[in-house]
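Breakdown of the fold
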Amino acid sequence: MSQDLPFIATGGQRTTHIEVGSGFGGRICSACVLPEIKPHIQLDADGVCNICQDYRRQERTPLFLESDFIKILDKKRGKHRYDCLVMCSGGKDSTAALYFMKTRYKCNPLAFTFDHGFEQNDAIDNVRKAVDKLGVDFVFFKTNYMKDMFKQLIRSKSKAVICHPCSIWYMDLAYKMAKRFDAPFIIAGWTKGQSKKQEVMSSCGCNVHQPEYRAMALETQKFLDEELNGLPQYKDFPRTMETMLKRAKKEHNATVLSPHWFLPYGPEEYVQIIKENLGWDYTAQSYPKKSTNCMLNFISAHNSMRDYGYTHYHVEASKLVREGVLSREEALKNLRMDFDDSMLGGILGKLDLDVGNIR
Amino acid sequence: MTVLGLSCYYHDASAAIIRDGIVVAAVQEERFDRERYSPVFPIQAVNFCLQQAGITIYDIDEVAFYEKMYLKFERTILAHVIGYPFTFNNFVETMPLWLKDRLAVSFAVREELSFKKPVLYVKHHLSHAASAFLVSPFERAAILTVDGVGEYACATWGVGNGTDIQIKKEQHYPHSLGLLYSIVTAFLGFHVFTGEGKVMALAEFGEPDHLDHFKKIIDLKDDGSFRLDTRYFSFNRGAKMHNEKFEELFGAPRGPGEPMTDRHHNIAASLQRMTEEIVLRMARHVHKATGERYLCLAGGVSLNVTANSRIRSEGQFEDLYIQPAAGDAGAALGAAAYVYHTVGGNPRVQPMTTCALGPEFSNHSVEVLLRNRRAKFQKLDRAALVAETARRIAANQVVGWFKGRSEFGPRALGNRSILANPADPTMRDRLNLAIKKREGFRPFGASVLLEHVSDYFEFEGDSPYMLLVANIRPDKLGSIPAVTHVNNTSRIQTLTSERDGVYYELVREFYAQTGLPMILNTSFNRDEPIVNTPAEALKCFDESGIDCLVINDYVVDKATR
């Protein structure tokens, strides 16, 4: 059921190209892909960042075994209407997560997809194919609820990262759906580079306190505190991920997990599996390369580079580099930002904005 | 049917999976937790085995454990009661281990693995017997198992026929050859588990002039059964298992780091001769009692290559099958095989033709590692890689060789190996002292093309797992000094194209370049478990005097690091 991609413009005259770290001294960690952004990210004499240095000092990285994952699942298996709610974006990671939950862990999952107006049709197609082939129940939720917030964030030139309030919103939504459909686990397709696995047993592991995110998190909180006053629909919108989690836990004590934290397979292996078994495919375009993110993500990434010299994808890729999943060269290649201005304009047009709003 | 086999809580904790008649995975926990002979519940090994099989615990039909723990506990309690009050301290020290782990296997399997069915327990020596016979190529065979101790048995013999194993006789604790070897190993100042091989090597430097002393403490019968004179030992009284009376006979024990003297060499030589004599008598008796043409061996004592070779050269049996993971690691596999047949009623599993049953790593993951560690590397196709590696070995370079799946059991057989030129007269010292950081007297084995084994060794036939030694032919003495032990023997691994693939091709290429149909092969490690991952291989390479590292299709040169 592939449809025309509404945001792809062809024949654009200009291309926006931003190098990681540009405007911020331009020094990139020689071990990962993070730029030096003082005070939170600093490079030593060898050009290695403090985060890589901390990682190297660890005696051993924490172990997350598949048997641990099964242990957690089995405690609540068969005691609820659904064994888990799987957040499916149609990307490789979440589609593989759905596949593993159904076939490998023999769960009865509920697939859940939301569209805030910027999801790509071929990503949604991926989800539909997967749920049909796997025979799992599926809830699709489409809304314009977040549009005004996105618009305000861009128009105000806030340095908040668009993806941050969005993730607060969709996690809130996921908890509500898990409660509504009685699912004890929320399964995300987070990779080994995303979120904080250490908190796996207690919460979804929001990572705003990590040094790589600190500056971004503060700006997000500032935006949510200061810029939503004229928008009454967001009166109760949680101002931080912690607030959202605290509220959500009072309503429904779901545990958030990702099978990818516990499996030894890298994306090259599970992409093969879902291609063969679910007919999954990459979307025509996405940032970073080899991802399947929403179209607004192009704007979010662009603005992050503009404001910080890196994006949260650089943080994720850096973790993957440290854990040996991805080579530094491959990461830099995937993260290279070369955006067609007419495409950016097409996305912004959905919010009644134009590229002038992001310069 | 899919069966998971487990062994743990003493040493060599391991997991193995048999699925629809095939041994799909087997590995020791030490490869993951990096503790030599790790005894812990093999949680990482289990996770690997399941993932290698492409399944989860939900797909496992039965879990088999390699020992009957309550029977072993009964023996332990009885021994402590009999030895009271001298055993009291040891009792207090060891009871927590029993209560926390050893008697709680079912609990651990349920809690750690989420396996809901009851665990099936197979007797220790039956597990060993199954590990030797059920995966062997023989339809019928005699079976001999000798080790430290299981529940009560320290040695057994029996007969395997099809999927059936009948244990005919057991020798019970404390009359144990394995324990005796370990006691003398400790007496000679070595660590138990890591030191037995050293004692075996040391034995060839001495004269067996303490044989009479051993005969005094061992009442050996014609059938190989024996009784230890327990007045010379102090079982269940702590770490030291010999006593003053033993020292009156053999002299003072060697302390750690004390110099090695002729007396120590001679005690080692005497122990080794006694061991060979016992094992030979057992094998002769088993042959006479069973009339079988083939013999299967397992248990820790079956890692004694000299004893194995003497059984072979006596010639009663037409052929031997020695489980490559002869120690307790292999018992996990044996327990799985036994349950697969007895509970499942399945036909025989396919013979185990390789011990490459552990983890392997993709070229992608290797390249990611090398790039992220800024290693300069070359990626070569198979033929070029083989030619380049052979050239380097011929030029007396030491090569770390990491290919395919890691080996199950204690031997590196060309998948996680350090390779070198056997003709280089300086190589043994270089490897022992500068690279492996171990005693200079320890010999190295050779991987030799099967079709050329008789050119250099007084040996015909197959030795796929380096569990046999052979005399070097007199006309070849001096030509392979790096793999020549003091008694002019060498531990040998024979290679075939079908079984050993690229490793065979490497040795064949080395033969083409040098005229020598063999390569020195030692395990890829330095006082640690054999390397398991590319990262561990790279670390070992960086920290040692290895000249060149070959990981999958990649070659890294020390000069460029």
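Residues numbered from 1 in each chain as written. Chains lettered and ligands numbered in written order. Predicted model: local features only at pLDDT ≥ 70, side-chain atom pairs only at ≥ 80, totals over all residues. Heavy atoms only, no water.

**Quick notes on the overall build of chain A**
Looking only at helices and strands, chain A has 13 helices and seven strands in total. Taken across its 359 residues, chain A has 58% of its residues classed as buried. For chain A, contacts bridging at least 24 residues in sequence account for 77% of all contacts bridging at least 6. (Helix = DSSP H or I, 4+ residues; strand = E, 2+ residues; numbered from the N terminus. Buried < 20%, exposed > 50% of the residue type's maximum accessible area, 1.4 Å probe, protein only. Contact = heavy atoms within 4.5 Å.)

**A few points about the interface of chain B and chain A**
Contacts between the two partners involve 22 residues from chain B and, on the opposite side, 28 residues from chain A. When chain B packs against chain A, the two sides together hide about 2,000 Å² of surface, and 45% of this comes from carbon and sulfur. For the chain B face of the interface with chain A, the top three residues by lost area are Gln51, Tyr58 and Asn372 of chain B, together amounting to 30%. Scanning the region where chain B abuts chain A turns up four salt bridges. Note that Glu112 of chain B is salt-bridged to Lys71 of chain A, the shortest N-O span being 3.1 Å. Here chain B and chain A share 15 residue pairs in polar contact (both at pLDDT 80 or more) between them. At the level of secondary structure, the elements contributing two or more residues to the side of chain B that touches chain A comprise α2 (43–53), α5 (105–113) and α14 (363–372) of chain B. The class makeup of the residues in the side of chain B that touches chain A is five nonpolar, nine polar and eight charged. (Buried area = accessible area lost by both parts, 1.4 Å probe. Salt bridge = Lys/Arg side-chain N within 4 Å of Asp/Glu carboxyl O. Polar contact = N/O pair within 3.5 Å; in protein donor to acceptor, adjacent residues only side chain to side chain. Nonpolar A, V, L, I, M, F, W, Y, C, P; charged D, E, K, R; others polar.)

**Digging into empty space enclosed by the protein**
Under the counting rule described, the total for this entry stands at three cavities of 30 Å³ or more. If you go around the largest cavity, the residues you meet are Leu144, Val146, Val279, Leu297, Val301, Ser302, Ala307, Asn308 and Ile311 of chain B. Elements that contribute at least two residues to the lining of the largest cavity include exactly β6 (140–146) and α12 (305–314) of chain B. No other element matches α12 of chain B, which puts three residues into the lining of the largest cavity. Classifying every residue of the lining of the largest cavity gives seven nonpolar, two polar and no charged. Its volume calculated, the second largest cavity comes out at about 50 Å³. Around the second largest cavity, the lining residues are Glu66, Ser67 and Ile70 of chain A together with Val46, Asn47, Leu50, Ile57 and Leu113 of chain B. Where the lining of the second largest cavity is concerned, the elements lending two or more residues are α2 (66–76) of chain A together with α2 of chain B. Its residues placed into classes, the lining of the second largest cavity shows five nonpolar, two polar and one charged. (1 Å grid on protein atoms, 1.4 Å probe; cavity = no way out; pocket = protein on both sides within 12 Å on 5 of 7 lines; lining within 4 Å. Points joined across faces, edges and corners; volume = space filled by probe spheres on them.)

**Some remarks on the pattern of salt bridges**
Taken as a whole and judged by the stated rule, the model has 49 salt bridges over all chains. Across the pair Arg27 of chain A and Glu36 of chain A runs a salt bridge whose closest N-O atoms are separated by 3.4 Å. Overall, Arg27 of chain A belongs to the partly exposed group, its relative accessible area being 41%. For Glu36 of chain A, a relative accessible area of 13% translates into the label buried. By sharing partners, the salt bridges in this structure join Glu204, Arg273, Glu276 and Arg310 of chain B into a single network.

**What about the sheet that holds strand β4 (residues 137–142) of chain A?**
Residues and elements named next belong to chain A. Read from one edge to the other, the open sheet built from five strands follows the order β4-β3-β2-β5-β6, with strand pairing classed as parallel. Bordering the open sheet on either side are β4 and β6 (255–257), each of which pairs with just one other strand. Between one strand and the next, the sheet's axes are offset by a mean angle of 25°, whatever the strand orientation. Pairing geometry for strand β3 (residues 109–115) and β4, over six bridges, is parallel. Paired with Ala111 across the bridge in β4 is Phe138. Against the sheet, helix α3 (residues 92–104) touches β2 (84–87), β3 and β5 (185–187), its axis set at about 155° to β2. (Pairing = 2+ DSSP bridges. Axes fitted to C-alpha atoms, helices over the stretch in contact; angles between N-to-C directions.)

**Brief notes about the environment of Glu458 of chain B**
With respect to the secondary-structure elements, Glu458 of chain B resides in the loop between α17 (453–456) and β17 (468–471). For the pair Glu458 of chain B and Leu413 of chain B, spaced 45 residues apart in sequence, the C-alpha to C-alpha distance is 21 Å.

**Quick word on the nonpolar core**
A general feature of soluble globular proteins is that nonpolar side chains tend to end up buried together. With 313 residues, the main nonpolar core has Leu4, Leu6, Ile217, Ile218, Leu295 and Phe457 of chain B as its most contacted residues. The biggest single contributor to this core is helix α6 (residues 163–180) of chain A, with 11 residues. Not counting the four nearest positions on each side in its chain, Leu4 of chain B is found in contact with Ala15, Ala16, Ile17, Val46, Ile57, Ile60, Glu62, Val63, Ala64, Leu113 and Ala336 of chain B. (Core = buried A, V, L, I, M, F, W, Y, C linked by side-chain atoms within 4.5 Å.)

**As for helix α3 (residues 69–83) of chain B**
Residue and element names in this part refer to chain B. If you check α3, its first and last C-alpha atoms are 21 Å apart, about what 15 residues at 1.5 Å a residue would give, namely 21 Å. Met69, Lys72, Phe73, Arg75, Thr76, Ala79, His80 and Gly83 are the residues of α3 that are buried. The arc that holds every buried residue of α3, seen down its axis, measures 160°, which confines them to one face. Along α3, exposed side chains directed more than 90 degrees from the buried face belong to Tyr70, Val81 and Ile82. (Expected span 1.5 Å × (residues − 1). Arc of directions from axis to C-beta.)

**Considerations on the pairing of strand β8 (residues 164–172) of chain B**
All names here are of chain B. The sheet contact formed by strand β7 (residues 153–161) and β8 spans eight bridges and is antiparallel. The partner of Ala153 across the bridge, within β8, is His172. Hairpin connection, β7 to β8: the antiparallel pair is bridged by two residues, and Gly162 has positive phi, about 65°.

**Let's talk about the domain arrangement of chain A**
Residues and elements named next belong to chain A. Each assigned domain of chain A is listed with its residue range as follows: domain 1 (15–61 + 294–358) and domain 2 (66–261). Between the C-alpha centres of domain 1 and domain 2 there is a distance of 22 Å. In total, about 2,900 Å² of surface goes out of reach between domain 1 and domain 2, with carbon and sulfur atoms giving 62% of it. At the surface where domain 1 touches domain 2, the tally comes to one salt bridge. A salt bridge links Asp352 to Lys151, with the shortest nitrogen-to-oxygen separation between them at 3.7 Å. At the boundary of domain 1 and domain 2, one finds six residue pairs in polar contact (both at pLDDT 80 or more). Going through the elements one at a time, α10 (296–308), α11 (312–322) and α13 (341–349) are the ones with two or more residues in the side of domain 1 that touches domain 2. The element contributing the most residues to the side of domain 1 that touches domain 2 is α10, with nine residues. (Domains from an automatic or database assignment.)

**Topic: the domain arrangement of chain B**
Residue and element names in this part refer to chain B. Examined at the domain level, chain B breaks down into domain 1 (2–133 + 326–342), domain 2 (177–322) and domain 3 (363–560). Here the C-alpha centroids of domain 1 and domain 3 sit 32 Å apart. Residue-level contacts link 17 residues of domain 1 with 14 residues of domain 3. Interface area, domain 1 with domain 3, both sides summed: about 1,200 Å², of which 48% is carbon and sulfur.

**A look at unusual backbone geometry**
For the bond from Tyr287 of chain A to Pro288 of chain A, the omega torsion is -10°, close enough to zero to count as cis. Take Pro288 of chain A: it is sitting in the loop between α9 (267–278) and α10. Look at the link from Tyr173 of chain B to Pro174 of chain B: it is a cis peptide, with omega at 5°. Positionally, Pro174 of chain B belongs in the loop between β8 and α7 (177–187). One non-glycine residue, Asn396 of chain B, lies in positive phi territory at about 65°. Take Asn396 of chain B: it is sitting in the loop between α15 (382–394) and β14 (399–402). Backbone geometry places Lys437 of chain B, a non-glycine residue, at a positive phi of 55°.

**Some thoughts on the sheet that holds strand β12 (residues 319–322) of chain B**
All names here are of chain B. Spatially, the five strands line up as an open sheet ordered β8-β7-β6-β11-β12, and their pairing is mixed. Bordering the open sheet on either side are β8 and β12, each of which pairs with just one other strand. Adjacent strand axes in the sheet meet at a mean angle of 20°, parallel and antiparallel pairs treated alike. Of the pairings in the sheet, the one linking β6 to strand β11 (residues 294–298) comprises four bridges and is parallel in character. Bridge pairing in β11 places Ala142 opposite Leu295. Here helix α6 (residues 124–133) sits on the sheet and contacts β6, β7, β8, β11 and β12; the angle it forms with β6, its principal contact strand, is near 135°. Sheet contacts for α12: β11 and β12; angle to β12, the most-contacted strand, approximately 155°.

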